[in-house]
Structures are given as C-alpha cells and as structure tokens.
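Survey of secondary and tertiary structure
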Amino acid sequence: MTTPAYAPAPLAHRDPNVLRWLGAYTASVTGDVVYMTALTWAAVATAGPAQAGFVLAAGAVPRAVLMLGGGVFADRFGPRRALIGSDLARCVAVLAVAAAAFAGGAHVAVLCVLAVCFGVADALFMPAVGALPPRLTVPDQLTRVQGMRSLAVRFGNTVGPLAAGLALTTSGAAGAFVGVGALFAVSLVLLVALRVPGAPARTEASAWSQLRDGIRYLASRRRLVRLVAVIGLGEMCFSGPVGAALVLLAEERGWSPGVLSLLLAAFSVAGAVVGVALTVVRDVPAPRVLLAASLGGTAVLVAVLGLTRPGPGAAVALCASLGAASGVPMILGHALLQRWTAPDYVGRVTSVTSLCTLGLSPLLLPLVGLVAAAWGAGTFLAGCGAACLLAAVLAASPALGSPDA
C-alpha cells in the first residue's frame, strides 16, 4: 500500500489550505451573483427585456457546450490552474467592460462578448472546483468540505444581490462591474497562495482521447452512473427553476413581495444551517440512507408546497423545511462522488454532474413559465417533486451501494 506523499490536516475546517480554497470559492460565487444581476440590469437598461434574454443566453450556451471540456482541462493540467485561469479571465473581462461602461460604450454587443467570456470561464471553473477538494484533504473530511462549500453558496446567494443593489444604486452598472472584478481578484490571490500536493499525471494522450477515456471510465462504473443521475435529478430543479416557480407562485396566490422575500430567505437560511451542521459533524452515519431519505423528504415538501394552499406563515415554514431537506443531498451527493471517483478522473466526472445540473438547468426556466401559464406554478413544483422522488428511489437502490469492480 502506497504511503501518501502529504499529510493533510485532520480537520478540514482548521486546514489553512482548505480555508484558502473556501475563501476563493466564496469570493468567486459572490462575484458570479453580483455579475449576473449587473449584467441583467445593464442589458435591460441598454436594449430592453427581450435583448436582455439574448445576452443571458449568450453566456449559457458556451457554458453547457464546453463543460465536458472543462473537466478534461482540470484533469490534464490540474484543477488549481483551471480555477486560476477562470478567475483571471473573468476579472480581466469584467474590468474591461466596466471601463467601456464608464466611457459610455457598453452596448449590447459588448455585453454579449462579456457573457460569452463568462460562459467559457464557468465551463472551466465548475469541474475544477469539484476536482480540487480531494487533492486538499483526506476522504473522510470531504463531507465537511462540501458543507463549507454549500455554506459559501448560500452566503453568495444572500449577500450578492444586496451588494449588487447597493453598487447599482450608487454607481450604476459600471461600478457594479468594478466590484465584480475586485471579488475575482480576491479569489485569484487566494488561489495563487493555495498549495496543492502532488501534480496531475503526465499523459501523451490528446484532450479528445482523455474526454473519451473519462466517459468510458464513468460508463463502466454502475455505482457512479447512478450517483450522477441522483445528483442531476436532485439538483437540476434547485439551480434556478424552483426559485422562479416560487416567484410565480407568490404572484398567483396574491402574496406580497415581503412574503416572497421571506420564502426565499427561509429556504436559504435553512440550507445554510444544514451546511454549518455538516461542517462540524465528525462522521455522517449511513450517508447513502441519509441521501435517499433527504431526497424523499425534499420530494414530499416541494410537492406539498405546490399542490396545497398554505397561508403565508405555513408557506414560509415549508420553504425553511425544504431548504434544509434539499441542502443535505447537495452536500452528501458531491462528497460521495469525490470519494468514489479515482483522483485522475474527478474533473471529468464532476463536469458531467455540472452539465446535468448547472449546465442544463437554464433550459428549464422557459418551462417554468409555460407550465405556470397552462396549469399554475404549483404544477411545476409538483413535477420537481417527482424528479426528486425518482432520485430518492435511485439513491435507495442496492446498486448504489455495490462497489464497482
């Protein structure tokens, strides 16, 4: 048995290297949220809502198309290099557009170029950010690391819109873009200071061969395929579509904007609490059982929220429960994925899960509106519950617990 060439800190939340990664990830995620708000604002102000949709789509397409290539890059050159390249590209692009905006030249074409640059950079970033934790800590700390990552996402989703609103109010889109650039610069500095033990395995194979090799690796491991399906089904609806459905549900039921903000806040805060809890728990007993149970609970809660007519107070309580329940599989699923995947393939396997969740979830956003117009937003939420229920069934299947050969 080979002795590891490094000795990671026994507790992930006390490891300075892990904390550098967490700080970089938090700054980057917050920057993404502020960027999306500022880009939408600038596009609407420049060309109207219809053109704004086109600008946003310009970023979503390259992100989805290049996601698998981003996984190859992370495995071929190392996830740290991929993250540094992604943050550097986004920082330079957004500061260039800020300069153009200050000069009065941030037209739709410029915003589209910015969106495409961000889409390409995201295709590098998402697989790499999932491939890095197994290189920083030992397998039994991965659940804690994923809990910290979940907390960073909740923080970014809460603070980002507030920061964007303040920047847009005080200095317009140009000032908001400068703030985005500053956040990516902070992330970049922390990543440069990061020390990743070991180095990517040298290979003479082409990038295309590595992509095919990664797909073959995943396809030959039934347990990993099922876990990727569980993560995809369990997260796809929660990467934007559920939030949009809640907005439409509040409008249908005559709830005020204040009630809507409480619904969204309850969901985020409860998810953050779960993230904190899983960073301090030393060991999660029976993680597969907990994964299946939390997905089943998520399915029930999101369906009840959509198909019943609770009052505002009960709806806030349901959203809090939903945030807590859905937060568990988002942490456990990725921790198991990183633990079960060979280190040289983590980037490529993560790229598949990222494609299934963050890459393809924007395609569900038009469906939210179509279903809500035809049958109500509650029907879409019930459909999300059905997807989570299928994920729970897959998570509970014996095949997920059978080690791959």
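Note that the structure is a prediction, hence the values are computed from the model and not measured.

1. A few points about the overall build of the protein chain
- Within the protein chain one finds 15 helices and 0 strands.
- In terms of overall size, the protein chain behaves like a compact globule, its C-alpha atoms giving a radius of gyration of 21 Å where 405 residues would be expected to give roughly 22 Å.
- Along the first, second and third principal axes, the C-alpha set of the protein chain runs to 60 × 50 × 40 Å.
- Per-residue burial over the protein chain gives 51% buried out of 405 residues.
- Expressed as a percentage of contacts within the protein chain between residues at least 6 apart in sequence, the contacts between residues at least 24 apart total 88%.

2. Overview of the pattern of salt bridges
- In total, this model carries 5 salt bridges according to the counting rule given.
- Among the ionic pairs, Asp 75 bridges to Arg 348, the shortest N-O distance being 2.7 Å. You can see Asp 75 sitting in helix H2 (residues 49–77) and its partner Arg 348 sitting in helix H13 (residues 346–359), a full 273 residues away along the chain.
- Arg 348 sits in the buried class, given a relative accessible area of 7%.

3. Considerations on the confidence of the model for the protein chain
- Per-chain confidence: the protein chain averages 85 in pLDDT, with 93% of residues scoring 70 or above.
- Looking over the protein chain, one finds the lowest element-wise mean pLDDT in helix H14 (residues 364–375), namely 83, and the highest in helix H15 (residues 377–396), namely 93.
- Considering only residues more than four positions removed or in separate chains, one finds that residues 1–10, a stretch of pLDDT under 50, has 10 contacts.

4. Focus: the nonpolar core
- Core analysis: the biggest nonpolar cluster contains 31 residues, and Phe 238, Val 242, Leu 249, Trp 255, Leu 305, Leu 322 and Leu 381 have the highest contact counts within it.
- The set of elements that each furnish at least two residues to this core consists of helix H9 (241–252), helix H10 (257–280), helix H11 (287–307), helix H12 (312–340), H14 and H15.
- Setting aside chain neighbours within four positions, we find Leu 305 in contact with Leu 246, Leu 249, Arg 253, Ala 315, Leu 318, Cys 319, Leu 322 and Leu 381.

5. So, empty space enclosed by the protein
- For the structure shown, the criterion picks out 2 cavities of 30 Å³ or more.
- By volume, the largest cavity is sized at about 40 Å³.
- Among the elements of the structure, helix H8 (222–235), H11 and H12 are those that each provide at least two residues to the lining of the largest cavity.
- Examining the composition of the lining of the largest cavity, we find that 4 residues originate from one element, H8, more than from any other.

6. Concerning H15
- When the terminal C-alpha atoms of H15 are compared, their 29 Å separation across 20 residues agrees well with the 28 Å that a helix rising 1.5 Å per residue should span.
- Listing the buried residues of H15 in full gives Ala 377, Gly 378, Phe 380, Leu 381, Cys 384, Gly 385, Ala 387, Cys 388, Ala 391, Ala 392, Leu 394 and Ala 395.
- The inward-facing, buried residues of H15 contact H8, H9, H11 and H14.

7. A word on a nonpolar patch on the surface
- A surface patch of nonpolar side chains, about 390 Å² in accessible area, is lined by Val 61, Val 65, Leu 66, Val 116 and Val 120.
- Within the secondary structure layout, Leu 66 lies in helix H2.

8. Thoughts on the packing of helix H1 (residues 16–47) against helix H6 (residues 142–193)
- One can describe the packing of H1 onto H6 by two numbers: an axis separation of 4 Å at closest approach and a directional angle of 35 degrees.
- Partitioning the contact of H1 with H6 into residue classes produces 34 nonpolar, 10 polar and 3 charged.

9. Some points on the packing of helix H3 (residues 79–102) against H6
- In the contact formed by H3 and H6, the axes pass within 8 Å of each other and the chain directions differ by 160 degrees. When the axis of H3 is compared with that of H6, the two are roughly antiparallel. As H3 packs across H6, the resulting crossing turns out to be left-handed.
- Looking at the contact of H3 with H6, its residues break down into 19 nonpolar, 3 polar and 3 charged.

10. Observations concerning the side chain of Thr 357
- Structurally, Thr 357 can be placed in helix H13.
- There is a polar contact of 2.9 Å between the side chain of Thr 357 and the backbone oxygen of Thr 353.
- Aside from chain neighbours lying at most four places away, what touches Thr 357 is Ile 231, Gly 232, Glu 235, Met 236 and Ser 239.

11. Here's the deal with the environment of Gly 271
- Along the polypeptide, Gly 271 turns up in helix H10.
- For the pair Gly 271 and Phe 177, spaced 94 residues apart in sequence, the C-alpha to C-alpha distance is 28 Å.
- Every residue in contact with Gly 271, bar those within four places of it in the chain, is listed here: Ser 150, Arg 154, Gly 323 and Ala 324.

12. Considering the packing of aromatic side chains
- Evaluated as defined, the whole model comprises 7 aromatic pairs.
- On the numbers, 6.1 Å between centres and 5 degrees between planes, the contact of Tyr 25 with Phe 125 is stacked. Taken together, the residues Tyr 25 in helix H1 and Phe 125 in helix H4 (residues 108–131) connect sequence positions 100 residues apart.
- The buried category is assigned to Tyr 25, whose relative accessible area is 7%.
- The structure contains a cluster of three or more aromatic residues connected by ring pairs, namely Trp 21, Tyr 25 and Phe 125.
- Just above the ring of Phe 125 sits the side chain of Arg 90; from NZ or CZ to the centre is 4.6 Å.
- The side chain of Arg 223 reaches across the aromatic face of Trp 340, ending 3.9 Å from its centre.

Analysis parameters
- Residues numbered from 1 in each chain as written.
- Predicted model: local features only at pLDDT ≥ 70, side-chain atom pairs only at ≥ 80, totals over all residues.
- Heavy atoms only, no water.
- Helix = DSSP H or I, 4+ residues; strand = E, 2+ residues; numbered from the N terminus.
- Rg over C-alpha atoms; globule rule 2.2 N^0.38 Å.
- Buried < 20%, exposed > 50% of the residue type's maximum accessible area, 1.4 Å probe, protein only.
- Contact = heavy atoms within 4.5 Å.
- Salt bridge = Lys/Arg side-chain N within 4 Å of Asp/Glu carboxyl O.
- pLDDT = per-residue confidence, 0-100.
- Core = buried A, V, L, I, M, F, W, Y, C linked by side-chain atoms within 4.5 Å.
- 1 Å grid on protein atoms, 1.4 Å probe; cavity = no way out; pocket = protein on both sides within 12 Å on 5 of 7 lines; lining within 4 Å.
- Points joined across faces, edges and corners; volume = space filled by probe spheres on them.
- Expected span 1.5 Å × (residues − 1).
- Patch = residues over 30% accessible without salt bridge, like charges linked within 9 Å, V, L, I, M, F, W, Y side chains within 5 Å.
- Areas by Shrake-Rupley, 256 points an atom, 1.4 Å probe, with all protein chains shown as cover.
- Axes fitted to C-alpha atoms, helices over the stretch in contact; angles between N-to-C directions.
- Nonpolar A, V, L, I, M, F, W, Y, C, P; charged D, E, K, R; others polar.
- Parallel < 35°, antiparallel > 145°, perpendicular 65-115°, else oblique.
- Left-handed = near helix turned anticlockwise from the far one by under 90°.
- Polar contact = N/O pair within 3.5 Å; in protein donor to acceptor, adjacent residues only side chain to side chain.
- Phe/Tyr/Trp six-rings, centres within 6.5 Å; stacked < 30°, edge-to-face > 60°.
- Lys NZ or Arg CZ within 6 Å of the ring centre and 35° of its normal.

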